[in-house]
There are 2 protein chains.
Amino acid sequence: LTIDIAATEEWTRLLSLHARAPRIREQFARDPERARRFSVEAAGLFVDFSKNRIDDGVLRELIALAHRAGLDQARARMFAGEPVNATEDRAALHVALRDRSSRTYSARGAEISSLVRAELAKMERFCAHVHSDARGFRGDPLDTVVHIGIGGSDLGPRMAVDALKQYWLAGQRTLFVSNVDGRHLGDALASVDPARTLFIVASKTFSTLETVTNARAARDALIGRGASDRDVARQFAALTSNSRAAAEFGVAPDQVFSFWDWVGGRFSLWSVIGLPVALQIGFDVFAALQGGAAAMDRHFETAPAGANAPVLLALIGLWNRNFEGAAAHAILPYDQRLGELPAFLQQLEMESNGKRRRSDGAPVRVQTAPVVFGEPGTDCQHAFMQALHQGTDVISADFIVAALSDGELAGQHELLLANCLAQSEALMRGKTEDEARAELAAAGLSAAEVERLAPHQTFPGGRPSTTILMERLGPQTLGALIALYEHKVFCQGVLWGINPFDQWGVELGKALAKAIRPEISARGERKPAASRRDSSTNQLLDRINALRSRAE
Amino acid sequence: LTIDIAATEEWTRLLSLHARAPRIREQFARDPERARRFSVEAAGLFVDFSKNRIDDGVLRELIALAHRAGLDQARARMFAGEPVNATEDRAALHVALRDRSSRTYSARGAEISSLVRAELAKMERFCAHVHSDARGFRGDPLDTVVHIGIGGSDLGPRMAVDALKQYWLAGQRTLFVSNVDGRHLGDALASVDPARTLFIVASKTFSTLETVTNARAARDALIGRGASDRDVARQFAALTSNSRAAAEFGVAPDQVFSFWDWVGGRFSLWSVIGLPVALQIGFDVFAALQGGAAAMDRHFETAPAGANAPVLLALIGLWNRNFEGAAAHAILPYDQRLGELPAFLQQLEMESNGKRRRSDGAPVRVQTAPVVFGEPGTDCQHAFMQALHQGTDVISADFIVAALSDGELAGQHELLLANCLAQSEALMRGKTEDEARAELAAAGLSAAEVERLAPHQTFPGGRPSTTILMERLGPQTLGALIALYEHKVFCQGVLWGINPFDQWGVELGKALAKAIRPEISARGERKPAASRRDSSTNQLLDRINALRSRAE
């Protein structure tokens with residue numbers, strides 16, 4: 001039951017509100033209560049939306065639009081395990097994975113909570129085993145994990161392991177291998193002792209090209225170092241819905257961990273896909289990560305739209321995208337440990353909502369997911385922030401920062417905080433040409449110099465941003481933060497009428513790669529030229545094969 | 001002498017050509033010679049532009065536009081050391097840094113080539129010293145480098161060290177610290193033996209907040225482990241234009257390496273900023289990297305526009321940005337070792353051309369630098385490629401790949417190549433709804449299922465991309481690749497009338513951070529509420545200070 005939101009009265013009213021919306025700077029000047037009124041608190045996160053070009057009227061219409069699009073019902077359907085992943089006829093129940101209360105969830109009518117509990121309990125036992133009595137083929141403890149997975153089986157765990165470095169178990173380390181480029185696995189193997197390494201193979205279908213290729217190469221390497229098939233069974237674990245394939249690969253059945261068709265890859269961190277995280281930080285801390293997400297789930301499920309952080313984040317995102325015209329959205333964590341968060345959210349938003357068809361097959365008439373990108377602050381200030389401040393396009397941004405840090409050099413945190421606040425202030429405020437002129441004149445420059453430089457020291461301002469503040473980065477706040485964005489993406493899917501849980505757009509390239517693969521020459525071999533494709537692909541193929549044929 | 005390109009006849013003609021330009025797929029169907037005609041070879045790189053929506057007429061007008069904008073003269077002025085960085089009245093002579101021929105360069109009339117040679121010779125001797133007889137404060141060899149720098153002093157060396165892993169000297173390693181977040185340096189210090197570590201401090205002014213803060217903390221850590229001031233002098237090197245400040249900091253004068261005001265931060269890899277690269281791969285390999293860039297410089301300086309790779313890359317970029325409407329540009333290296341290239345190019349393009357004023361102060365009337373982002377393939381296919389294939393916006397892309405790889409698992413390279421070719425083929429070709437229907441029907445789906453799924457398996461196609469192919473990733477090809485993009489950015493600056501060598505947009509945030517910094521409470525301290533700012537910044541400051549005051 002998706003609708004064309006652009007055809008609603010709410011949309012028309014939003015267009016007219018947008019046409020006469022004052023600049024953010026003016027709205028702050030008019031209303032001293034603005035910040036308080038446009039902020040919410042949820043699950044340990046304080047979210048300040050006030051540096052976006054919204055006011056009460058805009059927010060009211062945005063919320064009305066959400067109601068019109070059926071957000072309340074859609075949310076209820078998701079929690080109820082109805083097939084909100086309509087094109088694939090599946091539920092989407094990542095919320096069930098992290099709910100450790102007594103609540104029972106069902107996926108399309110079938111109870112799943114006991115499955116979830118059993119699988120997480122199995123995972124917890126396995127963590128205890130690896131941390132105590134598991135041994136590699138030479139009798140060493142397994143203190144190293146090489147996690148082999150790609151996309152949703154990689155970005156979430158990688159991001160969480162990085163983010164929670166503070167909680168790493170002493171002596172334990174984790175390497176992530178995703179790319180089919182042989183140097184990714186090769187470099188990892190060169191830096192670990194295979195005799196102390198647990199290899200985790202994460203693939204829902206156990207058929208993902210990259211993952212299976214790397215898993216086979218890792219198994220060969222282990223055998224090459226003297227491990228037997230029985231050793232392989234013990235030094236490999238699998239995270240998959242296809243336990244048969246994992247067993248055929250050679251993983252011991254009690255080291256195969258399951259998840260289900262109602263867990264989407266990019267929403268799977270909370271399932272057994274979290275195993276490398278639990279091994280690196282301990283199962284208890286992993287459970288706290290789930291707990292943070294569950295707290296956000298409760299908030300999302302119960303808070304009224306006007307005080308609901310994920311709903312508001314979604315609505316502001318839509319406003320910035322469809323009315324302010326922001327084609328890109330920057331994720332700016334002022335936290336070095338959140339360095340992988342932008343890549344994680346890039347997948348979450350762009351793979352979920354980077355679509356042009358509604359669930360019902362009709363074209364979406366407005367623009368959908370923006371390009372999501374980002375780097376940690378303060379590094380971003382020395383890289384691309386120039387374009388956010390003075391570029392020709394409006395690029396929206398989320399600033400993410402913790403009030404407190406830990407570690408020896410925590411004193412430097414004050415500089416980090418000051419910079420984070422200053423950037424959103426500068427983006428919003430800007431600097432007029434008159435202000436620039438006055439400053440330059442006050443600095444003693446000649447009138448000619450003032451005229452020459454003032455245009456370059458002028459900032460348009462009015463660049464929208466949201467700031468997410470937490471006390472500290474820890475498992476609870478990280479869990480809440482991820483769930484906040486997961487639900488934001490879900491809400492935007494509902495608003496645009498998109499199914500955020502499928503990804504048909506990845507299929508065409510896969511099919512074409514399969515066709516091209518046999519035409520690539522092995523090193524030193526020369527295959528005849530292909531001719532069935534466009535002349536560009538043919539020409540590249542010919543050149544590649546010519547270069548490869550010359551190689552020894 | 002910048003012009004408003006949007007007011008030229010060429011621009012008007014391009015608009016009308018764009019309005020009737022056939023889809024790329026049709027252009028391939030019409031012209032079997034298309035790929036050959038829209039490809040160039042330069043300095044070991046094969047660049048195929050044919051999967052962009054251009055034809056001879058468009059290219060002719062784009063080249064005419066470049067001439068109209070004075071590209072030939074601007075390029076000549078850059079090589080001649082004239083102040084092409086007009087707002088700062090400086091030359092931009094990164095080409096002089098890597099030219100190891102007998103040619104003599106001058107910056108604003110003053111000969112500089114002998115300075116460059118002397119400084120590089122000093123750097124080469126220092127590399128030999130570190131690799132042989134340099135010792136830390138306990139008598140150990142200095143086999144570890146911690147490089148402290150940010151932005152242009154970080155992204156280039158970090159990317160090059162990663163990319164050239166194949167060439168790493170045995171036993172040598174390099175860590176990069178950029179963020180003022182204390183955990184960046186803290187984590188690095190925790191993973192090195194300070195007694196074997198050379199700390200390199202890279203800051204043009206030796207006053208960059210992050211770099212100086214981290215450098216001081218590193219010095220304190222070294223002294224804390226028992227090093228004397230004399231040891232500090234020997235275990236620190238500085239890369240700076242401000243040798244006095246480096247000496248005051250405590251670096252031995254013969255370990256201070258200079259660069260000059262005609263070297264822009266994001267163009268500085270070729271200067272002494274390349275020291276960590278030279279230490280990690282050896283000075284000879286670093287010289288080969290310079291050589292690759294110099295080969296591209298010769299090509300750029302001499303090739304006619306229609307066969308000039310950087311000029312064409314710039315023109316196609318402008319076409320995609322200003323006519324095709326691509327607000328974002330993806331950098332997709334199908335090479336795990338080029339994982340840092342997107343971040344490097346993000347800075348290069350967005351900080352150089354993310355501007356709205358021409359050099360002469362007039363507003364630019366068209367859109368300038370797009371958002372540049374990317375991740376290595378094949379990972380990108382499992383993350384954000386969904387949006388490139390089926391999103392609502394046109395996002396242009398550069399695919400970068402080597403025909404051959406090295407290492408134990410080089411066999412997997414065939415999969416990487418097949419995927420790289422398949423993605424650009426899929427983006428260009430797309431799949432019509434009729435094609436999708438036919439495939440689904442052929443797969444045996446019911447008519448209802450075919451109707452339901454076909455819209456989701458439809459791809460618009462026509463998504464523009466360029467493929468850059470090299471034989472292998474090595475110092476020469478990497479050098480050529482970086483120089484290709486440097487010159488692309490320069491050309492686009494000329495076309496848009498922008499000075500790509502300044503970055504005024506970073507100043508406002510810096511000034512505001514300086515003002516906020518004293519108002520952030522130290523841990524356990526409570527500062528009075530600020531009141532002079534907008535209520536959002538005030539509120540965030542209050543919350544942060546409240547949280548910090550409660551902490552022990």
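Residues numbered from 1 in each chain as written. Chains lettered and ligands numbered in written order. Predicted model: local features only at pLDDT ≥ 70, side-chain atom pairs only at ≥ 80, totals over all residues. Heavy atoms only, no water.

(A) Looking closely at the state of the cysteines. All names here are of chain A. Inspection of every chain in the model, using the stated rule, returns zero disulfides over all chains. Residue C380 stays outside any disulfide, its sulfur separated by 8.7 Å from that of C420, the closest cysteine. Judged by relative accessible area, C420 falls into the buried class, the value being 1%. (Disulfide = S-S within 2.5 Å. Buried < 20%, exposed > 50% of the residue type's maximum accessible area, 1.4 Å probe, protein only.)

(B) View of the interface of chain B and chain A. Residue-level contacts link 142 residues of chain B with 142 residues of chain A. Between chain B and chain A lies a buried interface of about 12,500 Å² when both sides are counted; carbon and sulfur atoms form 59% of it. Where chain B packs against chain A, one counts 20 salt bridges. Close ionic contact of R517 of chain A with E414 of chain B constitutes a salt bridge, the shortest N to O distance being 3.1 Å. Each residue belonging to the side of chain B that touches chain A can be placed in one class, and the counts come to 54 nonpolar, 48 polar and 40 charged. (Contact = heavy atoms within 4.5 Å. Buried area = accessible area lost by both parts, 1.4 Å probe. Salt bridge = Lys/Arg side-chain N within 4 Å of Asp/Glu carboxyl O. Nonpolar A, V, L, I, M, F, W, Y, C, P; charged D, E, K, R; others polar.)

(C) Local environment of the sheet that holds strand 7 (residues 197-202) of chain B. All names here are of chain B. Read across the open sheet, the five strands follow the order 6-5-7-8-9; overall the sheet is parallel. Lying at the two open borders of the sheet, with one neighbouring strand each, are strand 6 (173-177) and strand 9 (256-258). The average angle at which neighbouring strand axes cross in this sheet is 20°, direction not considered. Its contacts with the sheet put helix 7 (residues 113-131) on strand 7, strand 8 (236-240) and strand 9, and the angle it makes with strand 9 is roughly 150°. (Pairing = 2+ DSSP bridges. Helix = DSSP H or I, 4+ residues; strand = E, 2+ residues; numbered from the N terminus. Axes fitted to C-alpha atoms, helices over the stretch in contact; angles between N-to-C directions.)

(D) Just the relation of the copies chain B and chain A, in detail. Structural alignment of chain B on chain A gives an RMSD of 0.0 Å, achieved by rotating through 180° and translating 0.0 Å along the axis. Given the turn and translation reported, the copies of this chain are related as if by a two-fold rotation axis. When the interface residues of chain B are mapped onto chain A, 100% of them are again interface residues, pointing to one common binding face. (Least-squares fit on C-alpha atoms with pLDDT ≥ 70 in both.)

(E) Structural detail: helix 8 (residues 155-163) of chain B. The buried count for helix 8 of chain B comes to seven of nine residues, which makes it a mostly enclosed element. Along helix 8 of chain B, the residues classified as buried are L155, G156, P157, M159, A160, V161 and A163 of chain B.

(F) Quick look at the pairing of strand 5 (residues 144-148) of chain B. Residues and elements named next belong to chain B. By the criterion of burial, strand 5 is predominantly enclosed, with five of the five residues buried. A two-sided burial pattern is seen for strand 5, the buried positions comprising T144, V146 and I148 on one face and V145 and H147 on the other. Direction of pairing for strand 5 relative to strand 6: parallel, over a ladder of five bridges. Its bridge partner being in strand 6, I148 is matched across the sheet by V177. Where the polypeptide runs from strand 5 across helix 8 and back to strand 6, its parallel neighbour, the crossover connection is right-handed. Pairing geometry for strand 5 and strand 7, over five bridges, is parallel. Each residue of the ladder has a partner; that of H147, found in strand 7, is I200. (Right-handed = clockwise from strand over helix to strand, strands pointing away.)

(G) Representation of the environment of H299 of chain B in the model. Residues and elements named next belong to chain B. Within the secondary structure, H299 sits in helix 14 (residues 283-302). Of the residues examined, H299 reaches a relative accessible area of 12% and is grouped as buried. Taking C-alpha positions, H299 is 8.0 Å from A309, a pair spaced 10 residues apart along the chain. Beyond its immediate sequence surroundings of up to four residues, H299 is in contact with E41, A42, A307, N308, A309 and P310.

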